[in-house]
Every structure is written in structure tokens, then in C-alpha cells.
Amino acid sequence: MSQTSEAALDKFTTDLLEQLAGGGDAPAQLRAGIEALAAAARDAQATAPIVALFRALREAKAGAGLGHEAFGLSRADLEALARRHAAIDEHGVTVGGRAGRALDIIAQANPRVADYLARKDEEAPSGIELWDTIQENQARIRKALGLDEATWNSFGGQLANAINDVQTLARCIDLPADTIRDVTRVTGRYRMRLTPYYASLIRPGVVNDPVLLQSVPTGEMVDNVGEELPPVASDHSPARLVDQFYPRVVAVKVTNICAMYCTHCLRIAHIGSADRTFSKAAYQEAIDYIAANPAIRDVLITGGDAFMLPNASLKWLLDKLDAIDHVRMKRLGTRVPVTTPQRVDNELLDILEASNERGPVRVVTQINTAQEITPVSKDAFRRISRRVMAVLNQAVLMRGINDSRIKMWKLCETIQEAYVRPYYVFNCSYRNPQYTHMRVPIEKGRDIVESMYGNISGDAVPRYIAAAGGKVPLHRDNVVRREGGAVVLRKPWSGEETVYPDALPGLYDNDADFAFNKYGKERS
Ligand SMILES: *Cc1c(COP(=O)(O)O)cnc(C)c1O
Ligand code: SF4
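Described below are features of the structure shown in this document.

Basis of the calculations
Residues numbered from 1 in each chain as written. Chains lettered and ligands numbered in written order. Predicted model: local features only at pLDDT ≥ 70, side-chain atom pairs only at ≥ 80, totals over all residues. Heavy atoms only, no water. Buried < 20%, exposed > 50% of the residue type's maximum accessible area, 1.4 Å probe, protein only. Helix = DSSP H or I, 4+ residues; strand = E, 2+ residues; numbered from the N terminus. Pairing = 2+ DSSP bridges. Right-handed = clockwise from strand over helix to strand, strands pointing away. Near = heavy atom within 4 Å. Polar contact = N/O pair within 3.5 Å; in protein donor to acceptor, adjacent residues only side chain to side chain. Areas by Shrake-Rupley, 256 points an atom, 1.4 Å probe, with all protein chains shown as cover. Nonpolar A, V, L, I, M, F, W, Y, C, P; charged D, E, K, R; others polar. Core = buried A, V, L, I, M, F, W, Y, C linked by side-chain atoms within 4.5 Å. Domains from an automatic or database assignment. Contact = heavy atoms within 4.5 Å.

## Section: the pairing of strand S4 (residues 329–333)
Then, in step 1: For S4, a buried count of five out of five residues is recorded, marking the element as mostly surrounded by other parts of the structure.
Then, in step 2: Alternating residues of S4 divide into Met329, Arg331 and Gly333 and Lys330 and Leu332, and every residue in both groups is buried.
Then, in step 3: Two elements, strand S3 (residues 298–302) and S4, share four bridges in a ladder whose sense is parallel. Directly across from Val299, in S4, lies its bridge partner Lys330.
Then, in step 4: Viewed along the sheet, the connection from S3 through helix H18 (residues 311–322) into S4 turns out right-handed.
Then, in step 5: Of the strand pairs in this sheet, S4 and strand S5 (residues 361–365) are connected by four bridges, and their pairing is parallel. From the neighbouring strand, Arg331 faces S5, where its bridge partner is Arg362.

Next comes the structure, spelled out in C-alpha cells:
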């Protein structure tokens, strides 16, 4: 007899054995079934047949009130099988733990995601799942705009043929006459621009398609009442092109150009009404400010959109930043891999990698729906992700776009599968009346973000943020109350409370005896 077979049974197993105790008069068919399971369990070199027997016994007890004696199994027989289970299992998991508890615990948890699994592809299809439709859209748009394949597949071709007015858009996608009239009213004041590629992501026949909502302004944009607050730069810009909320992180807005203009753009005031190329002198002033302030460690190159700069300008900027000793980290803010993935050429990737070798580069993007991840944008992100430290996403929580559990979970899972890590979800800003109709209540965003914990990978859960002169977390507090030397925590995924003992204050405060401090005292 091996030592393990003599090991004491744990509490989960003795509890289970108690539960199964008793006899009774089993119907022949049930008895034959359980006898077959018992025979398989006795011969088992694996854990599953033993678990199957114990589960069947538990069902017989719960259903028909029949104990193990009713099947000719003694307590000693079951104990022997229980010991065998623990001996086979590499981690010593007992049959009481597995058959009596773990399988029930996970069965109880599964319904939390059942609704999501059933509805996600219908309610929040990704651009990969919609690829057939998108390709049909591309053929239609190419024809309408007279674009050959090479033009479609080039960044220059996409930009040269960007859709800047609703009449052109109406040739590419079906828009009702009153929509065209109303959008024209808005585009007189605010810019609209979609690359033909981004326009191809819009699903025909979906009235409030989330890509349409992000890119084509509606009447609310001019009709919403409210005062537009001055852009944050008006009191957070210590130097030309520079926005600074924090001592160690600054943003440099290197262009006002984007490949498409978002209806929810926080930088709507910078975007203005015309593309502008900024001078080297302006860039140099920003670089000089950063060089003169040694606290600055992390520099965001943003816009507009950083990837709208030519490769040579991006290289110049990164080289300048890498030459400053105290600048250790860089970030590039861009939506271009989503809106015009044709931009991501090898020369750009080489520039990113060269700078990343000198100090970490992160690419920070904005993807708001799974629909925006297509095989093409996924490939662009995959290639970028091989050259930089991380690709991070900053989504904006918006009505009708991503304001449900299903849409937000699907977004976060889809981008993670496309090599992009969910980083922030912003509550849509109050500062601009242009998009107050897109705002989602703060509480709703908390419910959505909290619902992710424990239900999708931890590194796919974004932080929920209010942009309020700096990024302020909006997450709900999971510390319910303090109980003596412990806190009571609430598990976001089940609401279950759990007591979590705190560090012992007496021990923490006693520096004199901490680690090596306690040694060598007689010598000092
Ligand atoms: C977003 C932003 C940052 C970066 O904030 P993190 O929390 O570090 O991502 C820094 N400066 C400005 C002006 C910003 O808008
Ligand atoms: S990509 Fe960014 S800066 Fe450009 S329009 Fe959209 S939100 Fe504004």
C-alpha cells in the first residue's frame, strides 16, 4: 500500500461521503448504470471515471433518495476510490473538492456569460465576422468612386479619395433625402471626412450603425443646447503644441489632421476647419520645453493623429525625443490603423522599432466597436505590436455604439485578439454640446466595466475614466466596509462579499525588526 492511499480524507470528501450515505431499493436500470461506473472507476488510471461515479451517486441521492449501499458500494469502497483520486491528481485535488464542489462552483458561474456568448455575434459583430458584407461594400464604394484596387490599397489613394461631403457619401452608402439635408446643415460648421475604407465598415440598412454614428454628424451636433467650454489647452498648455496635466507626462499635438473626423472628437476645437501643417519651428519649441524640464519622462505624440505625419517627420520627432536623456518613454496617439490601415508600411514599422529599441514606444489607438476590427486592421495591429512595447486602446463610451455589456465585452475581447490591449474607457465628455446626445450616464459605464471583472481576461478590462483636466478613474469602490483588522470586499462578478484581512499594523510599523534590520544589532 502506498503512502498516499493511506492519506486522510479532506473535509470536502468526508462531507461528500456523508451526503451519499444510506441505502434503498434502486431500480434495476439505475443500479446497472452505477455498477458500470463503479467498475470503470476501480480500474481508472484517470480522475474522470471516479468523478463520474461520485456525481452519479450524488444525483441518485438527491433525485431518488438512494444512498451508496443501494448500489452495493460500502463506505470503505468509496474511501478507497477517493484516495485513488487524490493520488492520481497532480495537485492532490480530492474527489470531494472536484465532484462535491468545483464542478458546482463553475456551473453556477457559467450563466454569467451565457447571455453574452449567445448574443455577442448578433448584437456586436466584429469586422472579421462581417467581412463578407464589408467586401461587398468595398466593391460598391470602389465602383461609385472609380477606384482601382491599387488605389484602394494605398494610404495615399485612401486619403486622396476621402469622402468629405454628404453628397459623395450618398453615392457610396444609401442615405435618405432628409438625412442628406440634415447632415449638410452640420457639415457647414464641422468637418466630416471618412476614408473609403472606413466608410466600407458601415452596414447597409442599419439605421444607427455604430460606425456611421462615429463618422457622420447628425443635426444634434448643431442643435444641442449648451455652452462649449474652452479646450483644455487654453489653461494646460505651458508651451507651443504642448498640453500638460502632470509633471512627468506631456502630450505634444503635432498635427490637426486625422484620416477621419470623429463626431465625438474631444479635440474638435483643435481640428478646426482646414488641414494645417505645423512648422519645424513649432516642433522645436515643444522639444525645447521638454528638454528644459527634466521631470518629464513620458511624451505623447498626438494630434489630430500622429500617423498622419509623414514617416520622415515622425522619425525626426522620435529621434529628438530619444536624444533627451530624461525622456524614457514615448507614446503615439493614432486612429489610423482603424480608419486607414493601409498607412502601416514597413518604413513606419522600422521607425517605431528603432525608437522602441532606445526606450519603450506604445501606440495608443481608439477603437469603439468590434465592428472596426477587420482582417486588415487586425493585421496592421499585429505588425505594429511586433515592433513596439504595447498597443493600447482608449475607447469612448457612447450611446448606441458601445453602451451595453455585450458590446463592450465584445469590443475588449475582439481588440485583445487583434493584439491591442484595452487601456481606458472614457465617459464621453460634457465639455462639448456637439455630442451631449452621445453621452452615457456615469453609473451605467461603471456597471459595464465592473461586469467585466472575472468574466473576461483581466488584461482585457479597461479602466473607466473621466477626462477632467487629467484622467480621473470612475470605478466603483469594491471595499464595502472595514471590520476590525480586515476589510469586506465585494466581488464585482457575483456581488459576493468576502473578508480580506489587512496587514497587521503592529508588524508593519515595526521597522526595527524588519528583515535584515533585526540582525547585527550587538555589533552596532
Ligand atoms: C491623456 C493625456 C495624458 C496621458 O495620461 P495617462 O493617464 O498617462 O494615459 C497626458 N497628458 C495629456 C494632456 C493627455 O491628454
Ligand atoms: S481621431 Fe482623435 S483627434 Fe481625430 S477626430 Fe477622432 S477623436 Fe478627434
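## Comments concerning the site of ligand 1
Then, in step 1: Near ligand 1, the surroundings consist of Asp243, Phe245, Tyr246, Val249, Ala251, Leu300, Arg331, Tyr423, Tyr424 and Lys471.
Then, in step 2: Measuring from an oxygen atom of ligand 1, one finds a side-chain N or O atom of Tyr424 at 2.6 Å.
Then, in step 3: Protein contacts shield 88% of the accessible area of ligand 1, which totals 390 Å² for the unbound molecule.
Then, in step 4: If you list the elements that add at least two residues to the shell around ligand 1, you get strand S2 (249–253) and strand S7 (421–427).
Then, in step 5: Residues that form the shell around ligand 1 fall into these classes: seven nonpolar, no polar and three charged.

## Re the nonpolar core
Then, in step 1: With 104 residues, the main nonpolar core has Ile290, Phe307 and Ile384 as its most contacted residues.
Then, in step 2: Counting only domains with at least three residues in this core, you end up with domain 2 (131–223) and domain 3 (242–473).
Then, in step 3: Setting aside residues up to four positions removed in sequence, Ile384 forms contacts with Phe307, Pro337, Val344, Leu349, Leu352, Val363 and Val391.

## A closer look at the pairing of strand S8 (residues 463–467)
Strand residues, when the strand is regular, have side chains that alternate between the two faces of the sheet.
Then, in step 1: As paired strands, S7 and S8 are joined by four bridges and run parallel to one another. By the bridge assignment for S8, Asn427 is matched with Ala466.
Then, in step 2: As a crossover connection, the stretch from S7 through helix H23 (residues 442–450) into S8 is right-handed.
Then, in step 3: With three bridges connecting them, S8 and strand S9 (residues 471–473) associate as antiparallel partners. Across the sheet, the residue bridging to Ala467 is Lys471, located in S9.

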